[in-house]
Amino acid sequence: MKLQKRPDEPVLRRMTETARKLVERQKLQMGYPFDQETNLTGFYEWLLETGLCNTTLISVGSPYKEAWDMLHVDEFEREVVDFVAGTFGFRGGHWGVVTNGGTDGNLHGIYFGRKTLEAKSELPPILYVSAEAHYSVQKLGDILRIETRIIGVHPTGQMDIEDFRRQLDPTRPALVAIAVGGTFKGAIDDQRAIDRVLKEVKPPACYRHLDVALFGGYLPWLDDPAARELVDQAAMGFDSLAVSGHKFFALNEPAGVFLCRKEILQHLTKLTVPYLGGIVMPTISCSRSGFDVLKLYWRIMTTGPAGFRAEANHVLAMTAKLLAALAARGVEAHANPWSNTVYFRRPREEVVHRCCMACSGEFSHVVVMQYFDEELVERLADEIAG
């Protein structure tokens, strides 16, 4: 039995000092889409009270499996997946899993897409993705050895539909990765225009995967029906999506949810694992965090629809205030429709480093999250304009 002990004093002092510095800079990570008010104290107190903090808890395979003897939280994972699926307009007939993060979700989407297209055509698919989409998609295309074509973008960062039309091969299946929130400028690719091109060019088969990492957390809760429709599966007809748990959902470590139409599963290799009771293993990740499941469930239960709606509207309200504050100081800044990413000319380097801004060429950006308030917005605008 392991002794319950703390590190030696010098080690503990070093760790404590690092923790102090991290907490001190907590709200200066402005270039990246993390809510720095995770408010998970209650969750960790509960882990301590129950003794679950001293338990190894992993999730294996589909959360919808039956007759599983290992320690598991499948019932909570199913509720998380079903809740999230409901926000994205899946009208039943969905399947999903809590992932290890957005890249894990995109990996499932690209892999599931390839298997689906391979079942419909003998020709290998081509992966199409915009230059402003998350870099993980290009990386995953390389890992999965799928020919990948990078589509140009407009100055706003949105996929150039005419370039997509030029590059779309009519003879081979199309696996289209659609960015709902480009990484740097927060642009949303036009799904209806993409659909029109696919119908005109008529490749042998199509699969559409949405990367909604950050935006997928808040778009379903906005008052504007046009915003909600962007991530509504029934309206848009996409095949799968990946949303992050450590962005708008405010978990304090990487996590996410992958969702797809249930019929997609029939195209996967039916891998069964005898020593795991013969369960079918549709997931790529063999072991996933059971604690991420519980944290997401905790967040959903403690926030609720009204809370998510309030947070979503707050984020865009603070985005508008930041744009106005910068304009008042003579700084030209931009944000795409329904985007909480504000980009502008790169300010002084000390400001870039102090506020941990993301930069690309001559531009920098900040991502407005739930922890932003009017005081922080004014202070940040002063920093950028100074």
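Residues numbered from 1 in each chain as written. Predicted model: local features only at pLDDT ≥ 70, side-chain atom pairs only at ≥ 80, totals over all residues. Heavy atoms only, no water.

Caption draft 1: Summary view of the sheet that holds strand 5 (residues 174–179). Spatial strand order, 2-8-7-6-5-3-4: seven strands in an open sheet with mixed pairing. Edge positions in the sheet fall to strand 2 (94–99) and strand 4 (147–151), since each has one partner strand and no second. The sheet shows a mean angle of 20 degrees between the axes of neighbouring strands, direction not considered. As defined by bridge partners, strand 7 (residues 240–244) adjoins strand 8 (residues 256–261) across five bridges and the pair is classed as antiparallel. Opposite Ser244, over in strand 8, you have Gly256 as the bridge partner. Across the face of the sheet, helix 4 (residues 102–120) comes into contact with strand 2, strand 3 (126–130), strand 5, strand 6 (206–211), strand 7 and strand 8 while running at roughly 175 degrees to strand 6. (Pairing = 2+ DSSP bridges. Helix = DSSP H or I, 4+ residues; strand = E, 2+ residues; numbered from the N terminus. Axes fitted to C-alpha atoms, helices over the stretch in contact; angles between N-to-C directions. Contact = heavy atoms within 4.5 Å.)

Caption draft 2: Quick look at the pattern of salt bridges. One pass over the full model with this rule turns up 26 salt bridges. A salt bridge links Arg149 to Asp169; its shortest N-O distance comes to 3.9 Å. Pair noted here: Arg149 is in strand 4 and Asp169 is in the loop between helix 6 (161–167) and strand 5, with a separation of 20 residues, a long-range link. Since its relative accessible area comes to 14%, Asp169 is described here as buried. One connected set of salt bridges, linked through shared partners, spans Glu147, Arg149, Asp169 and Arg172. (Salt bridge = Lys/Arg side-chain N within 4 Å of Asp/Glu carboxyl O. Buried < 20%, exposed > 50% of the residue type's maximum accessible area, 1.4 Å probe, protein only.)

Caption draft 3: Highlighting the packing of helix 2 (residues 41–50) against helix 11 (residues 290–328). Close contact between helix 2 and helix 11 brings their axes to 10 Å; oriented N to C, the two are set at 130 degrees. Compared by their axis directions, helix 2 and helix 11 come out oblique. The chirality of how helix 2 crosses helix 11 is right-handed. Here Gly42, Phe43, Tyr44, Trp46 and Leu47 of helix 2 lie close against helix 11, whose contacting residues are Phe291, Leu294, Lys295 and Trp298. Considered class by class, the residues forming the contact of helix 2 with helix 11 number seven nonpolar, one polar and one charged. (Parallel < 35°, antiparallel > 145°, perpendicular 65-115°, else oblique. Left-handed = near helix turned anticlockwise from the far one by under 90°. Nonpolar A, V, L, I, M, F, W, Y, C, P; charged D, E, K, R; others polar.)

Caption draft 4: Highlighting the pairing of strand 6. Within strand 6, five of the six residues are buried, which leaves it mostly tucked inside the rest of the structure. Where strand 5 meets strand 6, six bridges bridge the pair, whose relative direction is parallel. Following the sheet pairing, Ile178 is matched in strand 6 by Leu210. Handedness of the crossover is the feature at issue here: the chain leaves strand 5, passes through helix 7 (residues 191–201), returns alongside strand 6, and the resulting connection is right-handed. When strand 6 meets strand 7, the two strands line up parallel, connected through three bridges. By the bridge assignment, His209 is partnered in strand 7 with Ser240. (Right-handed = clockwise from strand over helix to strand, strands pointing away.)

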